[in-house]
Amino acid sequence: MKEVILQRFADIYGDAQGAQIYFAPGRVNLIGEHTDYNGGHVFPCALTIGTYGVARKRQDRKLRFYSMNFEKLGVLESSLDELSPDPRADWTNYPKGVIWAFGEKGMKVPTGMDILLNGNIPNGSGLSSSASVEVLTGFILRDLFGFEVTNQDLALIGQYSENRFNGVNCGIMDQFAIAMGREEHAIFLDTADLSYEYAPIRLKNAKIVIACSNKKRGLGDSKYNERRGECEAALAELQKECEIKSLGELTEEEFEKHKGSIESEVRRRRAKHAVYENRRTVLAVQALQDNDVAAFGQLMNASHVSLRDDYEVTGMELDTLVEEAWKVEGVIGSRMTGAGFGGCTVSIVKDEAIDDFIARVGDAYREKIGYNADFYVVEIGDGPRKL
Ligand code: GLA
């Protein structure tokens, strides 16, 4: 990979002198969905697939970007003096957003750059290709210009840029999972105060399998911000009775006692998901610690049901993948992962059942939906690094 991208960089920008090579992973969330902007827990992990980048400083203020994933777009040019979101800038709004965000935090990027990216995360799949680009950009800026920021800062700056520059009100999960990733570990993160623990993922004779629905989803045009708004409105109603700062502070019992203060039935279901999903996440991590992978799988399944019925972010494609997965013997658990409305599912599948899983879920999906799903057996990898 290193030689290929360096060569491509030289083809595009004339030579590769002084260029450095970097990598940032994608992520998959095992459980704890739509809890991160509700002050709840999440349990994601970084993957060994992600975004490769080649970068070098320029003498002037020009920014030049090229992606091997969008070759037709060619080199997209911009400048440090033009850091505002622009639909014509396409995917470069992500790195530009991070450069802008560094400036907002008092770290003005002093010179332009030539950048080439090549990702092996399926785009728009819900494995956080955009957060991967954001964290990668932050990592590059730190390395090239010597800014003093921790990996956790890179996550927060990435989220800030996504919220303020790219207009998606996302939580901290994706950028945190990517910036803080650790091989063979998932991150048990409390989004209320960003305290976290690494939990080893020891799946005896089983693997994590991602099924990509190939239904494209851009967070910006999804109902993501709407769901967030519904939760905020439900919280405001609950706060009339309870002294809480977020839905994540409520136990299930407290929620049941006070849910009457939420006037709409829809908002009540949204809040119920946030509260119960948070609890499921805590229980799931406990189950893993007790080596009870079966219990972990049951909680994954329950998470999907709640996302389907109460939070309503699944849709026919994701439901088909998950419901077909549940029928296959050797599937320990299966659920949608990420924002939903398309994207991927995550399943824990026994080694001997993986081929059968891919064949049966793949066939049923094609028959019902009319096009193929893609399957990836993934591994948990480290956070961003220089290669
Ligand atoms: C997207 C967002 C995250 C999180 C998930 C849902 O991936 O970027 O912050 O809210 O959706 O759990």
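Basis of the calculations
Residues numbered from 1 in each chain as written. Predicted model: local features only at pLDDT ≥ 70, side-chain atom pairs only at ≥ 80, totals over all residues. Heavy atoms only, no water. Core = buried A, V, L, I, M, F, W, Y, C linked by side-chain atoms within 4.5 Å. Buried < 20%, exposed > 50% of the residue type's maximum accessible area, 1.4 Å probe, protein only. Helix = DSSP H or I, 4+ residues; strand = E, 2+ residues; numbered from the N terminus. Contact = heavy atoms within 4.5 Å. Salt bridge = Lys/Arg side-chain N within 4 Å of Asp/Glu carboxyl O. Axes fitted to C-alpha atoms, helices over the stretch in contact; angles between N-to-C directions. Parallel < 35°, antiparallel > 145°, perpendicular 65-115°, else oblique. Left-handed = near helix turned anticlockwise from the far one by under 90°. Nonpolar A, V, L, I, M, F, W, Y, C, P; charged D, E, K, R; others polar. Pairing = 2+ DSSP bridges. Phe/Tyr/Trp six-rings, centres within 6.5 Å; stacked < 30°, edge-to-face > 60°. Lys NZ or Arg CZ within 6 Å of the ring centre and 35° of its normal.

Peer 1: Can you help me understand the nonpolar core in this one?
Peer 2: Side chains of a nonpolar character, in soluble globular proteins, are inclined to be buried together. If you look at the biggest cluster of nonpolar residues, it comprises 45 residues, and the most contacted ones within it are Ile99, Phe102, Val109, Met113, Leu141 and Phe147. The element contributing the most residues to this core is helix α3 (residues 129-145), with 9 residues. Counting residues in hydrophobic clusters, the runner-up holds 31 residues, among them Val28, Leu47, Ile201 and Cys212.

Peer 1: Which parts of the structure should I look at to understand the environment of Tyr376?
Peer 2: Counting through the fold element by element, Tyr376 comes out in strand β12 (residues 374-378). Note: C-alpha distance between Tyr376 and Ala353 (23 residues apart in sequence) is 14 Å. Excluding residues that lie within four positions of it along the chain, Tyr376 makes contacts with Pro122, Ile208, Val209, Ile210 and Cys212.

Peer 1: Would you mind going over the pattern of salt bridges with me for this structure?
Peer 2: Working definition: two side chains of opposite charge can pair if their charged atoms are close together. Per the stated rule, a full pass over the model turns up 32 salt bridges. Across the pair Glu71 and Arg8 runs a salt bridge, and its minimum N-O distance is 3.2 Å. With Glu71 in the loop between β4 (62-67) and β5 (76-79) and Arg8 in helix α1 (residues 2-13), this residue pair connects regions lying 63 residues apart in the sequence. Measuring nitrogen to oxygen at the nearest pair gives 3.0 Å for the salt bridge that ties Glu312 to Arg270.

Peer 1: Would you mind showing me how to read the packing of α3 against helix α4 (residues 151-164) here?
Peer 2: When two helices pack together, their arrangement is given by the angle between the helix axes and the distance between those axes. Where α3 meets α4, the closest approach of the two axes is 9 Å, and the angle between their N-to-C directions is 125 degrees. With respect to α4, the axis of α3 lies oblique. Seen along the crossing, α3 lies across α4 with a hand that is right-handed. Between α3 and α4, the contacting residues are Ser130, Glu134, Gly138, Phe139 and Arg142 on the first element and Asn151, Leu154, Gly158, Ser161 and Glu162 on the second. For the contact of α3 with α4, a count of residues per class yields 2 nonpolar, 5 polar and 3 charged.

Peer 1: I tried to follow the sheet that holds strand β9 (residues 206-212) on my own but got confused; where do I start?
Peer 2: The strands that make up a sheet pair up through hydrogen bonds in the backbone, lying either parallel or antiparallel. On the basis of which strands lie adjacent, the open sheet formed by 4 strands has the order β10-β11-β9-β12 and antiparallel pairing. Two strands lie at the open edges of the sheet, namely β10 (331-337) and β12, each paired on one side alone. Strand-to-strand, the axes of this sheet are offset by a mean angle of 20 degrees, without reference to chain direction. In terms of strand pairing, β10 meets strand β11 (residues 344-350) through 6 bridges, oriented antiparallel. Following the sheet pairing, Arg335 is matched in β11 by Val346.

Peer 1: Looking at this structure, I do not really get the packing of aromatic side chains. What am I missing?
Peer 2: The description of two aromatic rings rests on the distance between their centres and on the angle between their planes. Evaluated as defined, the whole model comprises 16 aromatic pairs. With 6.5 Å between their ring centres and 90 degrees between their planes, Phe255 and Tyr276 make a pair best called edge-to-face. Placement of Phe255 in helix α7 (residues 252-258) and of Tyr276 in helix α8 (residues 265-289) is noted, with a sequence separation of 21 residues between them. Taking the relative accessible area as the measure of exposure, Phe255 reaches 1% and is therefore buried. Counting every residue linked through ring pairs, the aromatic cluster contains Phe43, Phe188 and Phe296. Directly above the ring of Tyr160 sits Lys105, whose terminal nitrogen or CZ lies 3.8 Å from the centroid.

Peer 1: Help me understand the sheet that holds strand β8 (residues 195-200) in this model?
Peer 2: On the basis of which strands lie adjacent, the open sheet formed by 3 strands has the order β2-β7-β8 and antiparallel pairing. Either end of the sheet is taken by a strand with one partner, and the two such strands are β2 (41-42) and β8.

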